[in-house]
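The chain contents come next:
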Amino acid sequence: MALTSTPGPDKDRSNPDQSTTAISSSPASRRALRAERSASTPSRPAGSPAGGSAVSTATGSTAAQSKKKRKGGWALNVGVITVATGIIATMSLPAFAFNPDGAENAAFGPSAADSMKKAQSQTVEVGGVASSTVTREAASATTEEQLASQKAAAAAAAAAEAARRQAAIQLTTYAAKSSSGPSVSDFLANPPYPNFSLSQVFSVAQQYIGTPYVYGGASPAGFDCSGYVMYVYAQFGISLPHSVSGQAAAGKRISIADAQPGDLVIMSGHDGFYAGNGNIMDAPTEGKSISIRPIWTSDYYIVRLGI
């Protein structure tokens, strides 16, 4: 076929009329010709005329430019997206990021230590303060002996309180009973035993064994130590004071070896009748009654009355 290749420029210049005639005489349209040229261009041999090479070069150049445009558009899109993201992030920052007047708030203001460093040094004079020495007392622990002593003291106080209450009850009972029998003054006015003897004194005193102790008592309703001695000797017409020291002064002190039942045993704050063999018959203390018991101390002496 005559149109499988594009005629070179030399042929066009040498025979222009022939080319024009061939084109005009071909029944194919211009669009078909262009399609045939495009299809036949890659298969052109290496020795083809320069006109085909120029067309290929132009086509390749156009494709390269198109690729460059596509690459440039992608870079431009990335740049636009980055700038837009930065603008949005800047607009979302807190208001104080754009407000220099708020730089003194608690989050961004200077600390107390920075303010002290920037400030000039100051001195303050304090006068009129008296110096004092603080002393600390040495701590001491309570020993077991001290605890035992404190417990004993508490127990003694409790016992004394119980005895006081018991004595009050006994005094009430004593007042009711003592009025029913003779008193010390009754015996002194008319003594039932005018003839005095120690053995008879001891015998009369034995009649009251078992009588309860009552503080201040001086009757069979209840006796204390000196009230007991006073009541017994009153029956022999001998008047004695209601006290241990007064009764000791009313008689004569004798040796312990010469003591007989009926003599007085005198000790500190207490007395009673000597009962022989180192024993005493007395009204002991609250809660107990008159009985005979051993003398529990060596600190005592003997007094005899009626001589």
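Preceding this paragraph is the structure being described.
Residues numbered from 1 in each chain as written. Predicted model: local features only at pLDDT ≥ 70, side-chain atom pairs only at ≥ 80, totals over all residues. Heavy atoms only, no water.

**Q** Looking at this model, I keep getting lost on the overall build of the protein chain. Mind explaining?
**A** Summing up its helical and strand segments, the protein chain has ten helices and eight strands in all. Going through the 307 residues of the protein chain one by one, you find that 22% of them count as buried. Within the protein chain, counting contacts between residues at least 6 apart in sequence, those at least 24 apart form 58% of the total. (Helix = DSSP H or I, 4+ residues; strand = E, 2+ residues; numbered from the N terminus. Buried < 20%, exposed > 50% of the residue type's maximum accessible area, 1.4 Å probe, protein only. Contact = heavy atoms within 4.5 Å.)

**Q** Please explain the sheet that holds strand β7 (residues 291-294) as it appears in this structure.
**A** The strands making up a sheet are joined through hydrogen bonds of the backbone, oriented either antiparallel or parallel. One open sheet holds the six strands; their spatial order is β3-β8-β4-β5-β6-β7, and the pairing between them is antiparallel. Looking at which strands have only one partner, the edges of the open sheet turn out to be β3 (252-254) and β7. The mean angle between the axes of side-by-side strands here comes to 45°, regardless of whether they run parallel or antiparallel. Looking at chain direction, strand β5 (residues 270-276) and strand β6 (residues 279-282) are connected through three bridges and run antiparallel. Note on β6: the bridge partner recorded for G276 is N279. The sheet strands contacting helix α8 (residues 198-206) are β5, β6, β7 and β8 (300-304), and the helix crosses β5 at an angle near 110°. On the sheet, helix α9 (residues 225-234) packs against β4 (264-267), β5 and β6 and is oriented at approximately 60° with respect to β5. (Pairing = 2+ DSSP bridges. Axes fitted to C-alpha atoms, helices over the stretch in contact; angles between N-to-C directions.)

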